[in-house]
Amino acid sequence: MTGIERIRKTFALEATDRVPWVPFVGCHAGALTGATAREVLTSEDKMVAAMNKAIARYRPDGIPVAFDLQIEAEALGCALVWAEENPPSVTGHILTEGKTLEELAIPRPDAGRIGLVINATRRLRAAHKDIALYGLITGPFTLALHLLGTDIFVKMFDEPDYVEKLMLFCREVCKAMAGYYIEAGCDIIAVVDPMTSQIGPEQFREFVSAHVSDVFASIHARKALGSFFVCGHAEQNIEAMCECKPDNISVDENIPLDFVKSVCLPRKVSFGGNMRLTSVLLLGTPLDSQRDAIACLDAGGTKGFVLSPGCDLPYAVPPANLDAVATVALDEYQRGVVKALASESKKMELLDLEDYGHADKVIVDIITLDSEACAPCQYMVEAVKAITPEFDGIVVWREHKIKQKESLVFMTSLMVRNVPTICIDGEIKFVSRIPARDDLIAAIQKRINEKLRLKIRNRKASISILGDGGEACRNARNNVRKAIVELGADIPVEMITDPKLIAAQGFTMSMTPAVVVTRFQTKSTRDVPEVQIIKEWIKDLMQ
Amino acid sequence: MDQGPHAVSTVDVYILTGYLGAGKTTLLNRLLSLPGFTGLNTAIIVNEFGPAGIDGALIDSRGRRKIEINRGSIFCACVKGEFIRTLEEIALAGQHQAVLIEATGLADPCDVDDFIRLSRTGDKLVLRGVMCLIDAENFTRTAPYMRTAVRQAEYADALIINKADLCLPGVVDKLSGLLTRMNPDAKQVITSYGVLPDSFIKTLSHVRRSGAPAKLPPAGIVAISLTLKPVITRTDFEAAVKRVLPHLLRLKGFPDFGDGAVTMQYVFETGTESKAPEGAKSGALTVICEGISAASLKSAFAEITARL
């Protein structure tokens, strides 16, 4: 199923293979290509390059071409103020600056930046046949606010006729814009009208409904799909919004998804949203983002729901957060992993892993998600099993299935985030990929060598048995070994049989077997110690 | 502000919300000249840019730092991140003892509280008070059409009722009564030209409120528009108005009592009749009430409403 197909079916409330993922990437795309928000919204080439990057990286089923609710206002003559990391803002409301409503004309496709977006749409359409392109237009009420400013709120009471005339003009602008974008190749027109969250259903039906309904009717007449976007506390209007007959309603975190679902689905309208933009996507971690995405997926269900952020993604959202969301959006297995992690991790006490690396053996832990059900996990386990005989006696392998509570503790302690994972002596070595046999052997061997080196470095003493190597010597050595084992000490034992070496230590053969305990104390490393200092060490020794 | 030898130096945060068409700059400047801000290094975060801003002279002479957030975009969550970053910078830099966040316009009050919660320097920032500007002349006219302005009034610790001089006597009292019903715990200050008592900042205290406003009955402030029958009697009209009078905030319409359309306007209970302007839509009527539902309001006027 292609992205477009998936979204079409979702909008039609038909079954799909998975929930579609539509990241609202606007000026954020600039961050992916090193362009500012302004650059990406004012240059066709930069916009296309940035959106191509976003599409390649985030693997969406659909994506907006440009997220800028000031395009129409600008084309009509409103002054804008630009920012590095935000879309621009309207500062000049032309109807309060001397222009009259009668003087305004519907903007042509070459006005302002409309042409830029049309051309970008064409290029993206040609490059990406399988994903849905969203053309975003400013809804009539929000456009009316751009043109009139907040005076509109007083006029709604004092001069409702005027407001009605203004809304009529704005709706015609919407219809024209929708036409331009559909003709350029957009599959879906999103009518974005955040200011409607300011009014209640009574005023929505009085001032907005008829006009937005007309806009969606014209979108359908042109064989495209329509989505109605709103931000803020607009729950009071969802029902009225459904009456305008969009194919889809998209909301932000201020409206609970289960509420939207309960209003939309019975009215045969699909819905979407509503990941938290600031607290999670901007300021949170990839794992936080995944959890939020999963919470949305759980609330939205599998029919008629589109997973997306609540609104235009802030410029500075860490791309890793969106990568993480894409991973869980596209892959059911990954969702399972995150869910398992999420449920328990906070309540656990972490294992004390300090002694972990000190055992005589090298321990290979394989952390899996219930390997019978998971193919990659099974293969991981097989791979380790297959090479363990090579290291007979030295390597021990254990599997930890994270459906079991202890395994989760283990995982959290080791800071394992992905499964399947192989840890060697407590260190993560292979994540989510099954290592080739030689790689695994090499990694284990490396650890064994490391352990030996550590052993040597940590050595504090040694015991030597000096003699001819005969029975008495062997018995002495056995006793020494027994003593060491019983105490759990880590001291090497050496048999010295070379008569010259024995003589050099001051023993005659008749004095053997001799047991000599030698203590080591490292005095300095790396530097060349001063003579004076060495004298002090020697004085200590002589005491 | 905690200044003990081992205390972390904290930053007092004040938030100004509300919708005020004109006079905001004056009020803001007056606010900043009150005890509580004077003698302190205060940073001001304003959400508007352009010519109408804080008095330049005030900035220079008192060393205040004005930070403009590009917030002209009156939408949703877009600038939360910027606000939070700015607050963090101020908290970490440690040069300011107070911050005044001018969040007038259509900022949702819950959002504004979020800024502090979400900033990583949250423990250095102490929210001292949320003040809401009420435009005495326009509040009731615009309340049904500006939900966040109503939420701001419901959420504030203090309500500054400005432009009292532009209202008829009695209107401010009625408005004060309405605001008390909306937000019984907030202290109210009635002012003109932004003049505030010296004690205002010092006596401000913050009460944490949950997100959903709860004081008014679910109906809140509602507005309905309807078309009257082509000709109605004055008696019938007055009877309809009387039915909703205790709840009435505003009314404006052009009834025809037999001699052509006239303009009828009510501000709270006071009605005035005047000539209808050229081109007025005869029969149009808008009514704004609080404490009754839109349905009840409609039925109160049902007798004189035109059949569709």
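The structure displayed is predicted, hence computed values, not measured ones.

### Points about the sheet that holds strand S12 (residues 421-424) of chain A
All names here are of chain A.
Part 1 of the argument: The strand order S11-S10-S12-S13 describes an open sheet built from four strands, whose pairing is mixed. With one partner strand each, in any of the chains shown, strand S11 (395-401) and strand S13 (427-431) form the two edges of the open sheet. Each strand axis lies, on average, 25° off the axis of its neighbour in the sheet, ignoring direction.
Part 2 of the argument: In terms of strand pairing, S12 meets S13 through four bridges, oriented antiparallel. Of the residues in S13, the one forming a bridge with Ile422 is Phe430.
Part 3 of the argument: Relative to strand S10 (residues 362-368), helix H17 (residues 375-387) is tilted by about 165°, and along the sheet it contacts S10, S11, S12 and S13.

### What about the interface of chain A and chain B?
Part 1 of the argument: At the interface, 41 residues of chain A touch 39 residues of chain B.
Part 2 of the argument: Counting each side, the surface lost to burial between chain A and chain B is near 3300 Å², with a carbon and sulfur contribution of 59%.
Part 3 of the argument: Breaking the side of chain A that touches chain B down by element, the ones donating at least two residues are helix H7 (140-148), helix H8 (151-158), helix H9 (160-184), helix H10 (201-221) and helix H13 (277-282) of chain A.
Part 4 of the argument: A total of five residues in the side of chain A that touches chain B trace back to one element, the largest contributor, which is H8 of chain A.
Part 5 of the argument: In the side of chain A that touches chain B, the residues fall into 19 nonpolar, 15 polar and seven charged.

### Structural notes on unusual backbone geometry
Part 1 of the argument: Of note, the bond from Gly273 of chain A into Asn274 of chain A is cis; its omega dihedral lies within 30 degrees of zero at -25°.
Part 2 of the argument: With respect to the helices, strands and loops of the structure, Asn274 of chain A is situated in strand S8 (residues 270-275).
Part 3 of the argument: Notably, Lys163 of chain B is not glycine yet its phi reads approximately 70°, a positive angle.
Part 4 of the argument: Tracing the sequence through the fold places Lys163 of chain B in the loop between strand S6 (158-162) and helix H7 (171-182).

### So, the packing of aromatic side chains
Residues and elements named next belong to chain A.
Part 1 of the argument: In the structure shown here, the tally under the stated rule is seven aromatic pairs over all chains.
Part 2 of the argument: Ring centres of Phe24 and Phe229 lie 4.8 Å apart, and the angle between their planes is 40°; on these two criteria the pair is classed as tilted. Of the two residues, Phe24 is situated in the loop between helix H1 (3-11) and helix H2 (28-33) and Phe229 in strand S6 (residues 225-229); the sequence distance between them amounts to 205 residues.
Part 3 of the argument: Taking the relative accessible area as the measure of exposure, Phe24 reaches 3% and is therefore buried.
Part 4 of the argument: Of the residues examined, Phe229 reaches a relative accessible area of 5% and is grouped as buried.
Part 5 of the argument: Here a set of aromatic residues connected by ring pairs shows up, and it is made of Phe24, Phe67 and Phe229.

### A word on the sheet that holds strand S7 (residues 248-250) of chain A
All names here are of chain A.
Part 1 of the argument: Strand order in the open sheet formed by seven strands is S1-S4-S5-S6-S7-S8-S9, and the pairing between neighbours is parallel. Sheet topology places strand S1 (62-64) and strand S9 (305-309) at the edges, where each strand pairs with a single neighbour. On average, each strand axis in the sheet is tilted by 25° relative to the strand beside it, whichever way the strands run.
Part 2 of the argument: Across five bridges, strand S4 (residues 132-138) lies against strand S5 (residues 188-192) in parallel orientation. Residue Thr138 lies in a different strand from S5, and its bridge partner there is Val192.
Part 3 of the argument: Running over the sheet, H7 touches S4 and S5 and is turned about 45° from S4.
Part 4 of the argument: Along the sheet, H9 contacts S4 and S5; its crossing angle with S4, the most-contacted strand, is approximately 160°.

### Overview of the pairing of strand S11 (residues 270-275) of chain B
Residues and elements named next belong to chain B.
Part 1 of the argument: Of the pairings in the sheet, the one linking strand S10 (residues 262-267) to S11 comprises six bridges and is antiparallel in character. Bridge assignment links Tyr266 to a residue of S11, and that residue is Gly271.
Part 2 of the argument: Once S10 ends, the chain turns through two residues before running back antiparallel as S11, passing Phe268 with a positive phi of about 55°.

### Section: the pattern of salt bridges
Part 1 of the argument: Summed over the entire model, instances satisfying the criterion amount to 32 salt bridges over all chains.
Part 2 of the argument: Glu44 of chain A serves as the salt-bridge partner of Arg123 of chain A, at 2.8 Å between the closest nitrogen and oxygen. In this pair, Arg123 of chain A sits in helix H6 (residues 114-127) while Glu44 of chain A sits in helix H4 (residues 44-58), placing the two residues 79 residues apart along the sequence.
Part 3 of the argument: Look at Arg123 of chain A and you get partly exposed, because its relative accessible area is 35%.
Part 4 of the argument: On the basis of relative accessibility, which here comes to 23%, the residue Glu44 of chain A falls in the partly exposed class.
Part 5 of the argument: Residues Lys163 of chain B and Asp135 of chain B are paired through a salt bridge, measuring 3.0 Å at the closest nitrogen-oxygen approach. Of the two residues, Lys163 of chain B sits in the loop between S6 and H7 while Asp135 of chain B sits in strand S5 (residues 125-135), which places them 28 residues apart along the sequence. Both residues of the pair, Lys163 of chain B and Asp135 of chain B, count as buried.
Part 6 of the argument: Where salt bridges share partners, they join Arg6, Asp17, Arg18 and Asp61 of chain A into one cluster.

About the thresholds
- Residues numbered from 1 in each chain as written.
- Chains lettered and ligands numbered in written order.
- Predicted model: local features only at pLDDT ≥ 70, side-chain atom pairs only at ≥ 80, totals over all residues.
- Heavy atoms only, no water.
- Pairing = 2+ DSSP bridges.
- Helix = DSSP H or I, 4+ residues; strand = E, 2+ residues; numbered from the N terminus.
- Axes fitted to C-alpha atoms, helices over the stretch in contact; angles between N-to-C directions.
- Contact = heavy atoms within 4.5 Å.
- Buried area = accessible area lost by both parts, 1.4 Å probe.
- Nonpolar A, V, L, I, M, F, W, Y, C, P; charged D, E, K, R; others polar.
- Phe/Tyr/Trp six-rings, centres within 6.5 Å; stacked < 30°, edge-to-face > 60°.
- Buried < 20%, exposed > 50% of the residue type's maximum accessible area, 1.4 Å probe, protein only.
- Salt bridge = Lys/Arg side-chain N within 4 Å of Asp/Glu carboxyl O.

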